[in-house]
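Descriptive structure summary
Okay, here's what each chain looks like letter by letter:
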Amino acid sequence: MTHTPIHRISEDLFLVDLDLPLTGFRHFISSWVLTADDRAIVVDPGPSSTIPILCNALMELGVKGIDYILLTHIHLDHAGGSGDLIAKYPDPTVVCHPQAVDHLVDPARLWHGSVKVLGDLAMTYGEPSPLTRDKLCPGCTIQWKGHEIESLETPGHASHHLCFFLHDIVFAGEVAGIRVPSANPAYMRPATPPPFHPEVALASLSKVIARGPQRICFAHYGIAENAVSVLEEAHRQMNLWLEIIEARRDRGLAMDEEEILVEILARDPGVRFFYELEPDIQERERYFLKNSIKGMAGFIKGQP
């Protein structure tokens, strides 16, 4: 059987790497799997192209059936493989944001928009298959094997974003951005692609902070203790980036993404260790850093 990178977090919680053959796309896209006996819940099954990896992982874990798929949002790298996974495991109910329902039933507009914005990256993720409406449970709180998993609407990274709460854990999607664990203080950055509305994203962070989770499971990447501190850092970081970009506008400087990036790397402790990341991870992150800057700059340019 093909070896699959499975990280055991606790007795019933596993992180599955969904690496792609692209520069730096390792230990980046992932899926969370909760197990009980031979049943499972999958949080963000990932893109269509990596469903074989996830299915191999589920087999290695002894999973014979999936009861729920929880989608933090429907971007291709999180939810694009949902239909393909259901083709292999037909039982699950899919919990998603109410705004995601029509896109999951008919993903054509989502797919064409993704290809237009992401180009070859979308093709690498793969085209999503449609789901049937009866499979979807928008915004549901679920009871599973004696556990309650509650969903919370947290728009910002995407208008259709949810977080899921299980005991002391929050499955956070990209509400707090992305994180690269390391021996140094972790590298962490916002995930704010255009169109971006900071007041919405900051309010969502505040809502999650108010819930007081102890651990945070990132979609990209890994788990962190002291979840409230991590979320507060994400809130501070988002405000700092906005201040930097707004100050440039007020000084009449061009909204040059490379110049903004240089200033952010110099001033934001959250990305202080960017230059210590491995070269391929730096290349990946430079692309996504600029995309987050683009979202913020687009908002600020539209403000009086």
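Structural notes, computed from the coordinates.

Reading the values: the criteria
- By convention here, each chain's residues receive numbers from 1 onward along its written sequence.
- Reporting in this predicted model follows two pLDDT cut-offs: at least 70 for local features of residues, and 80 or more for side-chain atom pairs to be given and counted; totals over whole chains, interfaces and linings ignore these cut-offs and use all residues.
- Excluding hydrogens and water, the side-chain figures rest on all heavy atoms present in the structure.
- Criterion used throughout: strands pair if DSSP finds at least two bridges between them.
- Strands here are runs of E lasting at least two residues and helices are runs of H or I lasting at least four, both read from the DSSP assignment and numbered beginning at the N terminus.
- All axes are obtained by fitting lines to C-alpha atoms, using only the stretch in contact for helices, and the reported angles, taken between N-to-C directions, cover 0 to 180 degrees.
- The criterion used for residue contact is that any of the two residues' heavy atoms lie within 4.5 Å.
- Exposure is judged per residue with a 1.4 Å probe applied to protein chains only, and the accessible area is read against the type maximum: over 50% gives exposed, under 20% gives buried, and values in between give partly exposed.
- What qualifies as a polar contact is a pair of N or O atoms within 3.5 Å, subject to a donor-acceptor requirement within protein and to the restriction that residues adjacent in sequence count only when both atoms come from side chains.
- Grid spacing is 1 Å over the protein atoms alone, the probe is 1.4 Å, and a cavity is where that probe fits but cannot get out, while a pocket is an open set with protein on both sides within 12 Å along at least five of seven lines and lining residues have an atom within 4 Å of a point.
- Grid points are joined across faces, edges and corners, and a volume is the space filled by probe spheres set on the points.
- Note on residue classes: Ala, Val, Leu, Ile, Met, Phe, Trp, Tyr, Cys and Pro are nonpolar, Asp, Glu, Lys and Arg are charged, and everything else, Gly too, is polar.

Observations regarding the sheet that holds strand β15 (residues 222-224)
As summarised here, the arrangement of the six strands in space is β8-β9-β10-β11-β14-β15, forming an open sheet in which the pairing is mixed. Strand pairing shows two members of the sheet lacking a second neighbour, β8 (142-144) and β15, which therefore form its edges. Sheet twist, expressed as the mean angle between neighbouring strand axes with direction ignored, is 25°. Relative to strand β11 (residues 169-173), strand β10 (residues 162-166) runs antiparallel, the two being bridged by three bridges. Following the sheet pairing, F164 is matched in β11 by F171. Those strands touched by helix α7 (residues 198-211) are β9 (147-153), β10 and β11, and its axis lies near 155° from that of β9. The strands that helix α8 (residues 227-250) touches are β14 (215-218) and β15; relative to β14, the one it contacts most, it runs at about 55°.

A word on the sheet that holds strand β5 (residues 65-70)
The strand order across the open sheet formed by seven strands is β1-β2-β3-β4-β5-β6-β7, and the pairing between neighbours is mixed. Pairing within the sheet leaves two strands with one partner each, and these edge strands are β1 (6-10) and β7 (136-138). Each strand of the sheet is rotated relative to its neighbour by a mean of 25°, with strand direction disregarded. Pairing analysis gives five bridges linking strand β4 (residues 39-43) to β5, with the strands arranged parallel. Following the sheet pairing, A40 is matched in β5 by I66.

Description of the side chain of H161
For H161, the location among the structural elements is in the loop between β9 and β10. Given a relative accessible area of 0%, H161 falls into the buried group. Engagement of the side chain of H161 in a polar contact is seen with the backbone nitrogen of E174, the distance being 3.0 Å. In this view, H161 contacts T72, H73, H97, L152, E153, T154, P155, A172, G173, E174 and V175; residues no more than four positions away in its chain are not counted.

Remarks on empty space enclosed by the protein
Scanning all chains against the criterion turns up three cavities of 30 Å³ or more. By volume, the largest cavity is sized at about 70 Å³. A79, G80, L104, P128 and S129 are, among the 13 residues lining the largest cavity, the residues nearest its centre. Broken down by class, the residue content of the lining of the largest cavity amounts to eight nonpolar, five polar and no charged.

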